[in-house]
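Breakdown of the fold
Each chain is listed here by its residues.
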Amino acid sequence: MRSFLLALALSLLTLPVSALDPGEMFTDPALETRARELGRQLRCLKCRNQSIFDSNAGIAKDLRVAVRERITAGDSDDEILIYVRERFGDYVLMKPPVEPHTYLLWFTPVLLLLIGGGATMVYLHGRTGHRSEELSDEDRAEARRVLKEEVT
Amino acid sequence: MEFWLIVTGLAAVSGLWMAWPYLRSRSVEMTGSDGAISIYRDQIDELERDRRAGQISDSECEAARVEIERRALVAARRLDSGFVSSQRSLLSAAGLVIVAGAAAVALYSSTGTPQQQDMPLAARKTEELIRRADAGDINSRIQLLIQQTQEEPESFEAWWVLARSYAAIGDHASSADAYRHAAELAGDRPAVLSAYAEAMTLANGNKVPSAARVIFEQLAIENADPRARYYAALAKAQAQDFQGAIEDWALLARDSNPQAPWMPLVERDIINMARFLKVDVTAYLPNASAEQIAAASNTPETDENTPTLAALEASLEADPKDYKGWIALAEARSAAGDAEGATAALDEGRAHFAAAPFVLDQFAQTERALGLDLVESGLRGPSDEDIAAAAELSQTERDDMIAGMVAGLAARLEAEPNDPDGWVMLVRSYATLGEMDKAQDAYRQASATFKDDAQVLQAIRSQTSGLVTGN
Amino acid sequence: MIVELGHFALCVALIAALVQSVVPLMAIWRGSASGLRVADSAAQVQFAGVAAAFAALTYAFVVSDFSVLTVALNSHSAKPMLYKVTGVWANHEGSMLLWVLMLALFGVMISVFGKVIPVELRSRVLAVQAMIGVGFYLFILLTSNPFERVAMPPLDGQGMNPLLQDPGVAFHPPLLYLGYVGFSTAFSFAVAALMAGRVDPAWARWMRPWVLLAWSGLTAGIALGSWWAYYELGWGGFWFWDPVENASFMPWLIGTALLHSAIVVEKRNAFLKWTILLAILTFSLSLIGTFLVRSGILTSVHAFATDPERGVFILLLLTIAIGGALMLFAWRANELDDGGVFALLSREIGLLTNNLLVVAATGVVFVGTMYPLALELVTGDKITVGAPYFNQTFLPIFGLAMLAAGIGPFLSWKRANKRDVLRRTGWSAGAAALFTVAVAAVIGVPGPAGVFGVFVAAFLAVATLQDLGRRIGIPAAPVGTVLRRLAGLPRSAWGLYFGHLGLAIAAAGVVAVSLWSAESIQTVKPGEPVSIGRYEFTLMDITNTQGPNYQTSIAAVRVSRGEDPVTVLFPERRWYPVEQKPTTEAGIETRWHGDLYAVLGDPDGTGGFVTRFYYNPGIPWMWAGALLMSLAALISLADRRLRVGVPADRRRANLQPAE
């Protein structure tokens, strides 16, 4: 019993705050929607590929609260993203900005489709004129024998 | 040896199985296959089906047929390419068996630990427990005893020893439970029954429950068992019959050898009760010493104590996490005749240590020693409710409770240091609370405690890594 | 002794794999049939060895033998038996052992069930399979030995991450590996074909069952993993574009392309080189996935760079396997004779288009997953590539691929009837558009992406059903004929219809939950109702109790709709004392149209609790769709024609009286 109590009580030390706690939420649904939309675009710095909206780490909560403060202060979405990015760098954005070092990332999809399409065109073009030669009667007879032939 | 025999056997069997093709008689295998042709046959069949079902036209069917035939022809012409033959080759087989077997054994020898046996937990637990119990660890002893009661649930001895061991570590609830088993097995043996009833009482916070009271009174009458008499009197006191209680104790004191082990307890209670009832203690304790008489009368204490009291109060104000301080305060107040104040001090201490069972236990002992539990004190049981209430505390209250719990843990470890998990928890707790000095200190103490046990030391180190320096 | 025998068995497996990769190739060179047969027997010994090793490790976990380091670090005596067993593969060493177990399993299945495959091809395939095995056995024995012992075992283990103590995730790795590792067979067949310099339709037919089996397992494995994330992580999400998820998703995508292009090889003797390339790429992505998950590079690029032993080893294996295969491809592919004549509008081209789209989609996932790692390694810049990137790039391409999957079956082989195809496509598109408009009018669809999503899912479903209907003669043929044709459909056709329908249903589920899920997060006291959509959630009471190795608070949440009670949900918060970790267990009630989902959070200190209530429409459809796809592959697998040419077998038997 003693160890159970200790464990239970000590667990209070480590229990994470739940992701998005009602205390931090706006009462105005429009603002709340904006805050969540922004939350989905920002990364929890400590977590692996989780947005601050999804994460329950303390650091994510801090950032959520900061975002909400900016919203209350009347900043637009873009201004808030710029504000956060200035402080934490590109790493905090779930969607990387289009910049020289991400050109390759952003243009890959188009590039892949172009290369694929182009290669197909070349392949199909090269095929034209390649027709199936007719079989002589002799050959056909042999082929039929091969195909009919069951067990020898 | 046996192990290596098995290993060699397995290596040989594996090698032989692999080399089996070399041991078979001569045979011929085709390298090609008419698998492709059978697919074309399928395709022709399918074509025919589709044509019959009207899904393709005759001309489509014919065109498709020509193409399949052309491919079948190509496949058929390539089919005749060749055969390979196999021959029995004992040399190859032997080579394979020896090389593969030797390689496997050599590989294992370089990576394995052949001398190490399996160590399933079930077999090890007992052995490890015996080792620790022999080294004086009562918890391990209890584990062993529990095992023994499971193996021999009909053994009175096992239950009896288990119950006494539980009592020794202050786990009176478990002790009472074990005594109950023992009592059932022992019939109506008075010593067992009274021990059982005593454990029930202790588990109940030193208040005699009605079931125990029945037993005590029965035994007191039938067997004049001193313990039963003592508790029967205590039950009277707790039922507000103070006069009856002090008289019974007096009788017990008179009937007992002055050197009997229970005498100090009885004398203490008589003195406390006399003070409470404001009666002359010598009426009940004819041989009372001057000191005892003084303790039983309500003479105000000397002035020296007052500054001590004030200093204690002030220091506890500053640092309420000092459980020894609370005990000292209670003792000082009680000595000054302020029973209510003493109770209040303990109650306040309890509020700070609500979740630290060890400290609560210490408080309860103090209370008993001071006789505070005899007066109407509203003795608080160990605080399940407090824990339940903790879920509904405010943040500050919760912080306070956690701090109290950590302090309690530290106190317990001071008294019972042989608890690696406890130390780890303590270091972590301090670190979480941001008290890095204390964390560091706790880590040092833990290291010192287990300096002879590399295994435990390693575990503590790894579980607290990053929290304290020096590991 | 059992543990040490397991260790020895693993050594035997490595030696058997060495024999299996060397002797058959030498035998081909020297023309010795006995040597070829050694491939089979060695594959059997290899499997027996690794299976014995796996059994020994399982035994160590079951009896809590903490003298085995892996057991001490990852198990605990108080764990329920189920999780002691699944704990075998819930750690690095054990999961690598499961990896090679699967590899050896596929090898032994080829040696036992692949008797119709000509012995030379089979030996080559098994030899290549064994080479992969050798690499991974060495990896295990040298860097991740599950049988490492500790001289002074602790009294108890350190436990297992409680998030993994769950039936959903317990069986996720075996299924995932069935797929992941199963694609090694495709790789081996491809490399064997390149070595022999010959590919024919039979090759594709021999390879396809293994790919189907692997793909089926991978589909189920991914779905199971996603399902687990959905109910265990507690915020209703099911896919996070996490690198670990992507690692399993990429082989699935490109494996899908491989399945389809192999059909063209078998039916039309075309796309040989392309198919071989796909086979190599599919397994390469499996290997890359293994590297991502097992090297620790995902946790921290920095940590990987400072303690690279395991990572570098896998990277080396990866380079040898992928690089070697691709070089072989570059060298030998031109010798392969790509046959088959077809018009621009034909099923061949339809499948090719589809292949290209799916491969492009895979490429996007690949770049999105690897880019941040590569960028950090090269320039030190840290960026995040998260869900918004994948939603913007992957989804449109995959949407196009799904449209193509709808049209594909309308095209006949060789040359399709243009008018017919256009008419049927137009009809399906019209019906799907009508449906989309109806949905938009009744429920409302936010945004053009949503409209596209609804349309794509509807189109694929309509087109697939239309093709099925036409194939069995609806509406012209009499009922009897329709039923007869329905019964007579080959299993591969059922595979097609179930597979495509499954995809459509799963896509519909994804679209529905993205567009219309409703949620509410609040602090409530017992008895206060909360409205979510048409439902009302009421927290009733909270009970604290004990599980086998955890403490738990279970809430009862009553759900009603208007006056009618619907159900009671039981979300939990658990606390695992050994591991010192909490977990959440969502309370979920599945209806045909969606899930009612409740999560219990912290108490607020005044008798209230933070709660999250959701209505997630379409979620059950996702699982049903994935299940249908997985099943479709198994149905295809059961097709008569994949049980390869019986006559061929008999003929060979006649040539070999000794057999």
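Residues numbered from 1 in each chain as written. Chains lettered and ligands numbered in written order. Predicted model: local features only at pLDDT ≥ 70, side-chain atom pairs only at ≥ 80, totals over all residues. Heavy atoms only, no water.

1. Concerning the overall build of chain B
Short version of the rule: Starting at the N terminus, helices and strands are each numbered in turn, a helix being any DSSP run of H or I of at least four residues and a strand any DSSP run of E of at least two. Each residue's exposure class comes from its accessible area (1.4 Å probe, protein chains only) as a fraction of the maximum for that residue type: buried when under 20%, exposed when over 50%, partly exposed otherwise. The contact rule is simple, with two residues in contact once any of their heavy atoms fall within 4.5 Å. Residue-level accessible areas treat just the shown protein chains as cover; the underlying method is Shrake-Rupley with a 1.4 Å probe.
Counting its regular elements, chain B contains 23 helices and two strands. The burial tally for chain B puts 46% of its 471 residues in the buried class. Put simply, 53% of the contacts in chain B that link residues at least 6 apart link residues at least 24 apart. A total of about 23,600 Å² of accessible surface is found on chain B, and carbon and sulfur atoms cover 54% of it.

2. A look at the overall build of chain A
In terms of helices and strands, chain A carries six helices and zero strands. In sequence order, the secondary structure elements of chain A are arranged as α-α-α-α-α-α. Within chain A, the fraction of its 152 residues that count as buried is 40%. In chain A, the proportion of contacts linking residues at least 24 apart, taken out of those at least 6 apart, comes to 51%. Roughly 8,500 Å² of accessible area belongs to chain A as shown, and the carbon and sulfur atoms make up 59% of that amount.

3. Here we look at the sheet that holds strand S1 (residues 518–524) of chain C
Residues and elements named next belong to chain C. Quick reminder of the rule: In this description, strands pair whenever DSSP reports at least two bridges between them. Axes here refer to lines fitted to C-alpha atoms; in helices the fit is confined to the stretch in contact. Angles between the N-to-C directions go from 0 to 180 degrees.
Taken together, the four strands give an open sheet; going across it, the order is S1-S10-S9-S8, and neighbouring strands pair in antiparallel fashion. What marks the edges here is a single partner per strand, and that holds for S1 and strand S8 (587–590). With direction set aside, neighbouring strand axes in the sheet form an average angle of 10 degrees. Bridge count for S8 against strand S9 (residues 594–603) is four bridges, and the pairing is antiparallel. In the strand pairing of S9, Glu 589 is matched with Leu 596. Sitting on the sheet, helix H9 (residues 201–232) is in contact with S8, S9 and strand S10 (609–617), with an inclination near 45 degrees to S9.

4. Some thoughts on unusual backbone geometry
Residues and elements named next belong to chain C. A cis amide bond links Ile 474 with the next residue in sequence, Pro 475, at an omega value of 5 degrees. Residue placement: Pro 475 occurs in the loop between helix H17 (447–471) and helix H18 (479–488). The phi dihedral of Asn 269 falls on the positive side, at around 60 degrees, and the residue is not glycine. With respect to the secondary-structure elements, Asn 269 resides in the loop between helix H10 (243–268) and helix H11 (272–294). Positive phi values are uncommon outside glycine, yet Phe 271 reaches one of about 60 degrees. Looking at the secondary structure, you find Phe 271 in the loop between H10 and H11.

5. Some thoughts on the nonpolar core
To keep things clear, this is the line we draw: What is meant by a nonpolar core is a set of buried Ala, Val, Leu, Ile, Met, Phe, Trp, Tyr and Cys residues, joined one to another through side-chain atoms within 4.5 Å.
Counting residues in hydrophobic clusters, the biggest one holds 188 residues, and the most contacted among them are Trp 99, Phe 189, Trp 203 and Ile 276 of chain C. Ignoring sequence-local partners within four residues, the contact set of Trp 99 of chain C consists of Ile 132, Phe 136, Tyr 177, Tyr 180, Val 181, Phe 283, Leu 287 and Thr 290 of chain C. With 55 residues, the next largest nonpolar core counts Leu 193, Met 200, Trp 249 and Leu 252 of chain B among its residues.

6. Focus: the domain arrangement of chain B
Residues and elements named next belong to chain B. Quick reminder of the rule: As used throughout, domain bounds are those supplied by an automatic or database domain assignment. A pairing counts as a salt bridge when a side-chain nitrogen of Lys or Arg comes within 4 Å of a carboxyl oxygen of Asp or Glu. Residues adjacent in sequence count toward polar contacts only when both atoms are side-chain atoms; beyond that, a polar contact is any pair of N or O atoms within 3.5 Å, and within protein one must be able to donate a hydrogen and the other to accept it.
Domain assignment breaks chain B into domain 1 (2–111), domain 2 (128–239), domain 3 (242–299) and domain 4 (321–463). Taken together, the connections running from domain 3 to domain 4 amount to zero salt bridges. Taken together, domain 3 and domain 4 are joined by zero residue pairs in polar contact (both at pLDDT 80 or more).

7. Structural notes on the domain arrangement of chain A
All names here are of chain A. Under the convention used in this document: Buried surface area refers to the total accessible area, computed with a probe of radius 1.4 Å, that the two partners give up upon joining, counted for both partners together.
Domain annotation of chain A identifies domain 1 (2–97) and domain 2 (101–148). Contact residues are listed per partner, giving four residues for domain 1 and four residues for domain 2. Contact between domain 1 and domain 2 buries roughly 280 Å² in total, counting both sides, with carbon and sulfur atoms accounting for 58%. Where domain 1 meets domain 2, there are zero salt bridges. Inspection of the domain 1/domain 2 interface yields two residue pairs in polar contact (both at pLDDT 80 or more).

8. Here we look at the pairing of strand S5 (residues 564–569) of chain C
Residues and elements named next belong to chain C. Bridging between strand S4 (residues 551–561) and S5 involves five bridges; their strand directions are antiparallel. Across the sheet, the residue bridging to Val 559 is Thr 567, located in S5. What sits between S4 and S5 in their antiparallel hairpin is a turn of two residues, with Gly 562 showing a positive phi close to 60 degrees.

9. What to know about the packing of helix H2 (residues 35–52) of chain B against H9 of chain C
Note the following rule: Any angle from 65 to 115 degrees is called roughly perpendicular, while one under 35 is roughly parallel, one over 145 is roughly antiparallel, and all others are oblique. Residues are grouped as follows: Ala, Val, Leu, Ile, Met, Phe, Trp, Tyr, Cys and Pro are nonpolar; Asp, Glu, Lys and Arg are charged; every other residue, Gly included, is polar.
One way to put it is that H2 of chain B packs onto H9 of chain C with a least axis distance of 8 Å and a crossing angle of 90 degrees. Looking at the two axes, H2 of chain B sits roughly perpendicular to H9 of chain C. Along its contact with H2 of chain B, which presents Gly 35, Ala 36, Ile 39, Tyr 40 and Asp 42 of chain B, the element H9 of chain C presents Pro 201, Ala 202, Arg 205 and Trp 206 of chain C. Taken together, the residues that form the contact of H2 of chain B with H9 of chain C break down as six nonpolar, one polar and two charged.

10. Here we look at helix H20 (residues 619–637) of chain C
Stated precisely, the cut-off is as follows: One less than the residue count of a helix, multiplied by 1.5 Å, gives the span that helix is expected to have.
When the terminal C-alpha atoms of H20 of chain C are compared, their 28 Å separation across 19 residues agrees well with the 27 Å that a helix rising 1.5 Å per residue should span. Buried positions along H20 of chain C lie against H9, H10, helix H19 (491–516), S8, S9 and S10 of chain C.

11. A few points about the confidence of the model for chain A
Residues and elements named next belong to chain A. Spelled out, the test is: Every residue gets a pLDDT, meaning the predictor's confidence in that residue, from 0 to 100.
For chain A, the average pLDDT comes to 74, and 76% of its residues sit at 70 or higher. When mean pLDDT is taken per element in chain A, helix H5 (residues 103–127) scores highest with 87 and helix H1 (residues 2–14) scores lowest with 36. Scored below 50 in pLDDT, residues 1–18 shows 42 contacts in the model against residues more than four places distant or in partner chains.

12. Topic: the pattern of salt bridges
Oppositely charged side chains may form a pair once their charged atoms are brought near each other. All names here are of chain C. One pass over the structure, following the stated rule, counts 42 salt bridges over all chains. With its nearest N and O atoms 2.8 Å apart, the salt bridge here joins Arg 149 to Glu 4. With Arg 149 in the loop between helix H6 (119–143) and helix H7 (167–170) and Glu 4 in helix H1 (residues 2–30), this residue pair connects regions lying 145 residues apart in the sequence. Classification of Arg 149 by relative accessible area gives buried; the value is 11%. For Glu 4, a relative accessible area of 0% puts it in the buried group. A cluster of three or more residues bridged by salt bridges with shared partners is formed by Asp 420, Arg 423, Arg 424, Asp 467 and Arg 470.

13. Some points on a nonpolar patch on the surface
Filter applied, for reference: Residues forming no salt bridge and having over 30% relative accessible area are the ones grouped into patches, like charges within 9 Å of each other and nonpolar side chains (Val, Leu, Ile, Met, Phe, Trp, Tyr) within 5 Å.
On the surface, a cluster of nonpolar side chains totalling about 300 Å² of accessible area is made up of Val 98, Tyr 103 and Phe 107 of chain A. In this structure, Tyr 103 of chain A sits in helix H5.

14. With respect to the pairing of S9 of chain C
Residues and elements named next belong to chain C. Most of S9 sits out of view: nine of its 10 residues are buried. Here eight bridges tie S9 to S10, and the two strands are oriented antiparallel to one another. Bridge pairing links Pro 603 to Phe 609 in S10. The antiparallel hairpin formed by S9 and S10 contains five residues in its connecting segment, where Gly 605 sits at a positive phi of about 95 degrees.

15. Observations regarding the packing of aromatic side chains
Cut-off, in case you're wondering: Only rings of Phe, Tyr and Trp enter the pairing, Trp through its six-membered ring, and a pair is recorded when the two centres are within 6.5 Å. The plane angle decides the type: under 30 degrees is stacked, over 60 is edge-to-face, the rest tilted. Two limits define a charge over a ring: the Lys NZ or Arg CZ must be within 6 Å of the ring centre, and within 35 degrees of the ring normal.
Across all of its chains, the model carries 38 aromatic pairs over all chains by this definition. Between Phe 3 of chain B and Trp 4 of chain B, the ring centres sit 5.5 Å apart and the planes meet at 75 degrees, which makes this aromatic pair edge-to-face. According to the relative accessible area criterion, Trp 4 of chain B is partly exposed, its value standing at 31%. Seen from their ring centres, Phe 537 of chain C and Phe 613 of chain C are 4.9 Å apart, and the 20 degrees between their planes marks the pair as stacked. Highlighted residues: Phe 537 of chain C in strand S3 (residues 535–546) and Phe 613 of chain C in strand S10, separated in sequence by 76 residues. Take Phe 537 of chain C: its relative accessible area is 0%, and that puts it in the buried class. Using a relative accessible area of 1% as the deciding quantity, one classes Phe 613 of chain C as buried. Put simply, the rings of Trp 106 of chain A together with Trp 215, Trp 239, Trp 241, Phe 249, Trp 252, Tyr 389, Phe 390, Phe 394 and Phe 398 of chain C pair up and form one aromatic cluster. Taking the ring centre of Trp 331 of chain C as reference, the NZ or CZ of Arg 332 of chain C above it sits at 5.2 Å. Here the guanidinium or amino end of Lys 382 of chain C rests over the ring plane of Tyr 91 of chain A, the centre of that ring lying 4.4 Å away.

16. Comments concerning the environment of Phe 147 of chain C
Residues and elements named next belong to chain C. With respect to the element layout, Phe 147 can be found in the loop between H6 and H7. The class for Phe 147 is buried, based on a relative accessible area of 1%. Remark: the alpha-carbon pair of Phe 147 and Gly 6, spanning 141 residues in sequence, is separated by 7.8 Å. Residues contacting Phe 147, with those up to four places away along its chain left out, are Val 3, Gly 6, His 7, Leu 10, Ala 53, Ala 56, Leu 57 and Val 68.

17. With respect to the confidence of the model for chain B
Residue and element names in this part refer to chain B. Overall, the prediction assigns chain B a mean pLDDT of 78, with 85% of residues at 70 or greater. Across residues 300–305, where pLDDT falls below 50, the model places two contacts with residues more than four positions away in sequence or in other chains. This stretch, residues 376–385, has a pLDDT under 50; its non-local contacts, to residues over four places away or in other chains, come to 12 contacts. Across the assembled chains, the prediction reports ipTM 0.86 with pTM 0.75.

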